[in-house]
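# Descriptive analysis of the structure
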Amino acid sequence: MNAMTDPGLYRHLDEMAPWNDRLQVLEVIGITDEAPEVKTFTFRSDAQTWFRYKPGQFITLELPLEDGPIMRTYTLSSSPSRPFSIAVTVKVQPGSVGTRWMFDNLGIGARLKAFGPGGDFTHHNHPAAKYLFISAGSGITPMMSMLRWLNDCSPGTNVVFVNCARRPEEIIFRKELELLGTRMPGLSLSFLIEERSARESWFGHMGRIDAVRLPLLSPDFREREVFCCGPEPFMRAVREMLQGTGFDMAFYHQESFGAPPVEPVPAPFSELPSDADATPAEATVAVRFSLSEVDGECLPGQTVLQAARASGVRISAACEFGLCGTCKVKKLSGEVEMNHNGGILDDEIADGFILACCSKPLCDLEIEA
């Protein structure tokens, strides 16, 4: 029996520290083929600690490509009800760089640096008597995380689970979902396929989800808390369909890593206005990067991350709009204005951490970077 399977660990879970993304890295312990060009990578902490997160959240992986590391954000498909490992389920898309590297290079025992978890797309934030999960393609991953948690912790929960795929063989987690359908009395499972396949017979639903099919799959959808994830055109179609039926969109939630519109800011070395009558709204402030021993400056309107790049200091970043938490750094002195999207916890802020991508200095700063 090893440390990860010792049942005594569960009895003493409250005595153990959870995984710390600033101190520990992830080690690959399993790789599973889920569908064509889809794999699940399962990790444990190299320090064999446990993982604390909400079902539906994501992590950001630092992938060490030959030309330099890149950041990629992936939703966790695992459930926090099984806290000694985490898993991401990823699909190679045309033009994929990071995911293709994972397919070609990750093996058992490989180690990666990771950041997180983060994100607000979770049923824990919206408890309800009845849920409707709608997904397409690899957008099924957060739904699977939530369903696995419900199966472990509240198997009688009323859930309608609708997954859309192009062909039958492309349904991710199909066998496990069908098994859960026999074990969860409140689960209503539906697959919607766009086209038949020569590889596998199909006798189920065909077509795309619309205002006609939705009431057939979930007659009481207006009474449910709805979670949706998939390609942006798919989510937009679902959103518009629900709006057209008069659904109360306060009960609609979708996962998206797309950045919201941002206001342009000066380039790192752009010239300030020369007009004598023009008065800058803010003054340039000094930024000290203590670990790099670099003294830089932040121009008006720039973020700490932009100032770091202009000074040649590398701060890891992925989403760059305050969601993933990858650019979390310790503020040693000074004050900032931080407008994040859930990528940092209140206790982390209290401890002096900021997200460099969405923090603008209010005075001279010293950053641990």
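Residues numbered from 1 in each chain as written. Predicted model: local features only at pLDDT ≥ 70, side-chain atom pairs only at ≥ 80, totals over all residues. Heavy atoms only, no water.

- An unreviewed UniProt entry annotates the protein chain as Ferredoxin-NADP reductase of Aquamicrobium terrae.
- Quoted verbatim from the Sequence similarities (unreviewed entry) field of UniProt, the annotation for the protein chain is "In the N-terminal section; belongs to the FAD-binding oxidoreductase type 6 family." (UniProt positions renumbered as here; feature names shortened; annotations may be inferred.)

## Notes on the environment of Phe 84
- Its location among the elements puts Phe 84 in the loop between strand S4 (68-75) and strand S5 (86-91).
- Here Phe 84 falls in the buried class, since its relative accessible area comes to 6%.
- Taking the C-alpha atoms as reference, Phe 84 lies 4.7 Å from Trp 50; in sequence the two are 34 residues apart. (Helix = DSSP H or I, 4+ residues; strand = E, 2+ residues; numbered from the N terminus. Buried < 20%, exposed > 50% of the residue type's maximum accessible area, 1.4 Å probe, protein only.)

## Points about the packing of aromatic side chains
- One pass over the structure, following the stated rule, counts 8 aromatic pairs.
- With centroids separated by 5.4 Å and ring planes inclined at 75°, the aromatic side chains of Phe 121 and Phe 227 adopt a geometry described as edge-to-face. One end of the pair, Phe 121, is in the loop between strand S6 (111-118) and strand S7 (130-136); the other, Phe 227, is in strand S11 (residues 225-229), and 106 residues separate them in sequence. Judged on exposure class, the residue Phe 121 and its partner Phe 227 are both buried.
- Plain terms: the ring middles of Phe 133 and Phe 161 are 6.2 Å apart, the flat faces sit at 75° to each other, and that makes the pair edge-to-face. Pair noted here: Phe 133 is in strand S7 and Phe 161 is in strand S8 (residues 158-165), with a separation of 28 residues, a long-range link.
- Using a relative accessible area of 0% as the deciding quantity, one classes Phe 133 as buried.
- In this structure an aromatic cluster arises from ring pairing among Phe 121, Tyr 131, Phe 133, Phe 161 and Phe 227.
- Just above the ring of Phe 353 sits the side chain of Arg 22; from NZ or CZ to the centre is 4.2 Å. (Phe/Tyr/Trp six-rings, centres within 6.5 Å; stacked < 30°, edge-to-face > 60°. Lys NZ or Arg CZ within 6 Å of the ring centre and 35° of its normal.)

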